[in-house]
Amino acid sequence: MPWGGGFERMARRRYQKPKPKRRGEIWTILVREDHVESGKRKRKVKRITLGPATLCKADAERLRDEYLVGVNNVSLGIGGACLFRDFAKTYERDILPMLASTSQVRSKSVLKNHLNPAFGDLMLRDISLEPVQAYFAKLQQGALAAESVDKIRDVLSAVLRTAVEYGRLPTNPVEKVRLRRRRSPGRKPFLRIPQFYTLLDAMAEPYATMVYVALFTALRVSELAGLRWRNIHAQSITVDERYSRGDFDQPKSAASRATIPVDEHVIARIHQLKSLEVVVKAGHGNRRYRVVKSDGPDDLVFQSVAKGAPMRDNNVLTRHIKPVARTLGLEFVNWQVLRRSCATWLQQAGVDVKDAQGLLRHSRASTTQDIYQQLVPESQIRAVQKLTFYAQNSRLVQ
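Here goes a summary of the coordinates provided. Throughout, residues of each chain are indexed from 1 in the direction in which the sequence is written. Totals for whole chains, interfaces and linings use all residues, but because this is a predicted model, local features are given only for residues with pLDDT of at least 70 and pairs of side-chain atoms are given and counted only at 80 or more. Computation of side-chain values covers all heavy atoms of the structure but excludes hydrogens and water.

## Topic: helix α14 (residues 353–360)
Within an α-helix, residues lying three or four positions from one another point in the same direction, as the helix has 3.6 residues per turn. In plain terms, the rule: Each residue is placed in one exposure class: buried if its accessible area under a 1.4 Å probe, protein chains only, is under 20% of its type's maximum, exposed if it is over 50%, and partly exposed if it falls in between. In DSSP terms, a helix is any run of H or I states spanning at least four residues, a strand is any run of E spanning at least two, and both are numbered starting from the N terminus. Working note: the arc is built from the helix axis to C-beta atom directions. Here a polar contact is taken to be a pair of N or O atoms separated by no more than 3.5 Å, where protein atoms must pair a possible hydrogen donor with a possible acceptor and residues adjacent in sequence count only if both atoms sit in side chains.
Turning to α14, its buried residues are A356, Q357 and L360. One side of α14 carries all its buried residues, which in axial view fall inside an arc of 105°. You can read the cap of α14 off the contacts: a side-chain oxygen lies 2.9 Å from the backbone nitrogen of K354, and it is on D352. Where α14 ends, the next residue or the one after it, R361, has phi of about 60°, a positive value.

Rendered as structure tokens:
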């Protein structure tokens, strides 16, 4: 038998219920908690403050019981003793493969460059709201953009949410993190009708048709790149697949997977691609390529000019859209702006917000109205004119 009753000590359940004691002007308890130092787990006694000494003993005991829930829960205690960096590997193995390739790359970058250096040596159960809030408060004081801070929060929340689902944590502390309110970015840019057609006339095919279809259908670029000829109908387009930088997958959400009505002029322009040829400079000479190499039901509508491979959205944007837009003074143009322009044109045309929501395939009408549809001076002038007309007519009635 080991000296000092080793077996008995090893088998003893680590259940704790210390009595609260007044210490000066506060109630405190002493708790044994595990900590990691130099890669080794050590148990130390920690003094925990429960509240001011003005609390009665019953209130102090209630606060003690709330604090010890996680400490005394055997399953959570064992699971929560895992290092964050070790559980992050589990997250990368089990959850990341379910996400789009672009999300996988960015999440791995956030874990490597931000989260593992900050939380990697902490056990999961030591990652509470207080250190997490302090981390993000410090992060917001640095040079990172607000969008980058949001992404770091999203990745940390996803990892800890998985820890909750796996039974390693009772709650996800990131859900209660407060971030500094962003300054209003003002009116988001969109293309006016003359700007759009000027841009279109200056672009080469098949990229001009991609822009044309993107605006008149509000398709996301990944859905545009994943369109197949079987998806093109006489007066509609079916969205059932997306392609993004080497990754074919289902659309973004259940609402995104739909058949949407499309005007005949858009369908006609798509079919014109089959008869088009483009001339590309090759050294001292030129080469001619068919825009559509093959148009079977499962072939892609938009194919790379040289090889007929799937289109990469970033290449089309940086090589064919941005350079032309820049020469026209439209530096703000990107794929998101095209989708936003469609939403704004629908609003200007007087289309009901629920119909616009259906065309953009948003889960909520508030997303369409508050984020995509931009208020413009012309609509505000019409609103003022309606107000004047209403006031003048009401006065005449009286």
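## Things to note about the packing of helix α4 (residues 84–94) against helix α7 (residues 146–165)
The relative placement of two packed helices comes down to the angle between their axes together with the axis-to-axis distance. Worth spelling out the cut-off: Comment: axis = line fitted to C-alpha atoms, over the contacting stretch for helices; angle = value between 0 and 180 degrees taken between N-to-C directions. Angle categories are assigned with fixed cut-offs, so that under 35 degrees is roughly parallel, over 145 is roughly antiparallel, 65 to 115 is roughly perpendicular, and the rest are oblique. Here, residues are in contact when the closest pair of their heavy atoms is within 4.5 Å. Three categories are distinguished: nonpolar for Ala, Val, Leu, Ile, Met, Phe, Trp, Tyr, Cys and Pro, charged for Asp, Glu, Lys and Arg, and polar for the others, with Gly belonging to the last.
For the pair α4 and α7, the least separation of the axes is 10 Å and the interaxial angle reads 90°. Taken as axis vectors, α4 and α7 run roughly perpendicular relative to one another. Along the contact surface, α4 presents F84, F87 and Y91, while α7 presents L156, A158, V159, L160, T162 and A163. Partitioned by chemical class, the residues of the contact of α4 with α7 number 8 nonpolar, 1 polar and no charged.

## A closer look at the environment of F196
Summarising the element assignment, F196 is placed in helix α8 (residues 193–202). Between the C-alpha atoms of F196 and V333, which are 137 residues apart in sequence, the distance is 9.9 Å. Leave out the neighbours within four places in its chain, and F196 touches L191, V211, Y212, L215, F216 and W345.

## Comments concerning the pairing of strand β4 (residues 236–239)
When a strand is regular, its side chains alternate between the sheet's two faces. Here is the rule: We call two strands paired when DSSP finds no fewer than two bridges between them.
Where burial is concerned, the two faces of β4 agree: the one with S236 and T238 and the one with I237 and V239 are both buried. Direction of pairing for β4 relative to strand β7 (residues 258–261): antiparallel, over a ladder of 4 bridges. When the bridges of β7 are listed, T238 appears paired with T259.

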